[in-house]
Amino acid sequence: MNPDSQPKNFTYQEIIRQQSGWEKALAQLEMNRPSILGALAPFRDRVWVFCGCGSSYYLAQTAGAAFEMITGIRTRVVPASEILMLPELVFNPRDSYLLISLSRSGTTTETVRATQKARNEFKLPVLAVSCNPASTLNRESEIHLSFPFEPERSVVMTGSFTTMLLSVIYTAYLLSPRPADGAALMPVPDASRKVMQASEAMLRELVSGPYHDFVFLGQGALLGIANEAALKMQEMAISVSQGYHSLEYRHGPMSTVTGGTLLTILSSSASAPYDAQLVRDMKKLGARVLLLTGASGNARPHGVDEQIEIPGDFGDMLIPLLYMPLLQMLAYYRAISQKIDPDNPKNLSQVVELDI
Ligand code: F1P
């Protein structure tokens, strides 16, 4: 879309600028590589517990799965509130832990309190991943993944989600058994820009159709992306939307599918053998199907209504980064098509602070 016709609201600007933010973050992470490795390598034998709230909890789901797949280090993913209420369920005395607290603001009460409980009561080390280096969370944590980040004015998280995810994936490569640097990540920003530009008009057209509910399906690290996509659709477009493990959807939730359902399948090399039948089954129920795939050259499964292919065969660990901006754009254009202002989502604030 040419600049003068670009929407002027800040949610749109923050969606399309995120790839530049990734490049700046990667440059800083590369500079900090020795200190990141030195600070985190001693915790390789621990269970890494990823926690957050809202989008940052779905970020934890995505980051935790990708981290374990890349490093082989055992992980656990919980909402920060679970640590507050049931810490012994999370920190079993049989194991030793590193807590990774994820938060755009670094001030969300549950996340800060969970971090304080882990450190003060369970004497655990904490790694803070936040877009706000001067935040309470960073002050309460001894290790931080820091990177330059232009603060978001939007209530909903877009580039903050993907940049924090990028920083965790970068760190995973440093800790992987086959020592790797972040080189695999370098082509990602440009590839994302290209697929966003190529897909924007189709996404805007598709999501303006007569839908009344949205479903997002993914496995592994893509479950967190499916859940985050569903949350974006709720937050920005005030729409009914759900995220599930792909094959879980048949076990009951598909009872709600109608001709007004837009169902997005987030494909990976792990799920690809099962996607074609899933598409067929959903088409029989009347759904419209959008397929996102990272495997170039694969034939489009029969029945897919729209498909976005990420060129470059980035693999299952990097396609969560490449899928997320597309799904943010989908939710953004749903809001616009319904004449809803995505800059001012209903009932929400940028940070949830509780009196607890
Ligand atoms: C977490 C969060 C966001 C949500 C809204 C309220 O923020 O729940 O995910 O979209 O902005 O706050 P944070 O802990 O990542 O700052």
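What counts as what
Residues numbered from 1 in each chain as written. Predicted model: local features only at pLDDT ≥ 70, side-chain atom pairs only at ≥ 80, totals over all residues. Heavy atoms only, no water. Helix = DSSP H or I, 4+ residues; strand = E, 2+ residues; numbered from the N terminus. Expected span 1.5 Å × (residues − 1). Buried < 20%, exposed > 50% of the residue type's maximum accessible area, 1.4 Å probe, protein only. Arc of directions from axis to C-beta. Salt bridge = Lys/Arg side-chain N within 4 Å of Asp/Glu carboxyl O. Patch = residues over 30% accessible without salt bridge, like charges linked within 9 Å, V, L, I, M, F, W, Y side chains within 5 Å. Areas by Shrake-Rupley, 256 points an atom, 1.4 Å probe, with all protein chains shown as cover. Pairing = 2+ DSSP bridges. Axes fitted to C-alpha atoms, helices over the stretch in contact; angles between N-to-C directions. Contact = heavy atoms within 4.5 Å. Parallel < 35°, antiparallel > 145°, perpendicular 65-115°, else oblique. Left-handed = near helix turned anticlockwise from the far one by under 90°. Nonpolar A, V, L, I, M, F, W, Y, C, P; charged D, E, K, R; others polar.

### A short note on helix α2 (residues 18-31)
The α-helix advances 3.6 residues per turn, and as a result positions three or four apart in sequence lie on the same side. Taking 1.5 Å of rise per residue, 14 residues should cover 20 Å, and α2 covers 20 Å from first to last C-alpha, within 8% of that figure. All of the buried residues along α2 are Gln18, Gln19, Trp22, Ala25, Leu26 and Leu29. Across the axial projection of α2, the buried residues extend over an arc of 110°, all falling on one side. Among the exposed residues of α2, those oriented more than 90 degrees off its buried face are Lys24 and Met31.

### Side note on the pattern of salt bridges
Inspection of the entire model under this criterion finds 14 salt bridges. Put simply, lysine 117 and glutamate 121 hold a salt bridge, and the shortest N to O gap is 3.3 Å. When salt bridges that share partners are traced, they join Glu23, Asp190 and Arg193 into one network.

### Comments concerning a nonpolar patch on the surface
A contiguous nonpolar surface patch, about 300 Å² in accessible area, is contributed by Met85, Leu86 and Leu89. Within the element layout of this structure, methionine 85 appears in helix α5 (residues 80-85). For methionine 85, a relative accessible area of 62% translates into the label exposed.

### Here we look at the sheet that holds strand β6 (residues 213-217)
As summarised here, the arrangement of the 5 strands in space is β7-β6-β8-β9-β10, forming an open sheet in which the pairing is parallel. The open sheet has two free edges, formed respectively by β7 (240-244) and β10 (306-309), since each of these has just one partner strand. When strand polarity is set aside, the average angle formed by the axes of neighbouring strands in this sheet is 15°. As paired strands, β6 and β7 are joined by 5 bridges and run parallel to one another. Opposite phenylalanine 216, over in β7, you have glycine 243 as the bridge partner. Packed on one face of the sheet, helix α13 (residues 319-337) meets β6, β8 (261-266), β9 (288-293) and β10 and runs near 150° to β9.

### Some remarks on the packing of helix α4 (residues 55-71) against helix α11 (residues 221-237)
In contact at an axis separation of 7 Å, α4 and α11 are set at 165° when each is read in the N-to-C sense. Classified by the angle their axes make, α4 and α11 are roughly antiparallel. For α4 against α11, the interelement crossing comes out left-handed. Seen from α4, the contacting residues are Ser55, Tyr58, Gln61, Thr62, Ala65 and Ala66; seen from α11, they are Ala221, Leu223, Gly224, Ile225, Asn227, Glu228, Leu231, Lys232 and Glu235. Of the residues belonging to the contact of α4 with α11, the class tally is 7 nonpolar, 5 polar and 3 charged.

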